Amino acid sequence: MERRTMTVKEVAAFLGLHSDTIYDLVRDQEIPHFRIRSKILFLPEVIEKWIQKQGK
């Protein structure tokens, strides 16, 4: 089965940001994410839509 989520590290690399910046965005509820226990995960298609909204 294909994995459909991205980790903080993967999202940071995808966006060209430091992982600490991603943690700050998560803490401030500025980037769409979800948690499974203590793991922070992202859906690639949701991140793509979020990026598009940032440009407007």
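Residues numbered from 1 in each chain as written. Predicted model: local features only at pLDDT ≥ 70, side-chain atom pairs only at ≥ 80, totals over all residues. Heavy atoms only, no water.

What about helix 1 (residues 8-15)?
Rules: For the exposure calls, accessible area comes from a 1.4 Å probe over protein chains only, and a residue counts as buried if that area is under 20% of its type's maximum, exposed if over 50%, partly exposed in between. A run of H or I in DSSP counts as a helix once it spans at least four residues, and a run of E counts as a strand once it spans at least two, with each numbered from the N terminus. The reported arc concerns the directions from the helix axis to the C-beta atoms and nothing else. A contact between two residues is defined here by any heavy atoms of the two lying within 4.5 Å.
Buried residues of helix 1: Val8, Val11 and Ala12, and no others. Seen end-on, helix 1 carries its buried residues on one side only, within an arc spanning 100°. Away from the buried face of helix 1 by more than 90 degrees, exposed residues Lys9 and Ala13 are located. Packed against the buried residues of helix 1 are helix 2 (19-27) and strand 2 (39-41). Positive phi appears at glycine 16, one or two residues downstream of helix 1, with a value of about 70°.

Observations concerning the pattern of salt bridges
Let me state the cut-off plainly: We define a salt bridge as a side-chain nitrogen of Lys or Arg found within 4 Å of a carboxyl oxygen belonging to Asp or Glu.
Inspection of every chain in the model, using the stated rule, returns four salt bridges. Put simply, glutamate 10 and arginine 3 hold a salt bridge, and the shortest N to O gap is 2.4 Å. Between arginine 4 and glutamate 45 there is a salt bridge, with the nearest N and O atoms lying 3.2 Å from each other. On the criterion of sequence distance, the pair formed by arginine 4 in the segment before helix 1 and glutamate 45 in helix 3 (residues 44-54) is long-range, its members being 41 residues apart. Given the relative accessible area of 55%, arginine 4 is considered exposed. Residue classification places glutamate 45 among the partly exposed positions, given a relative accessible area of 37%.

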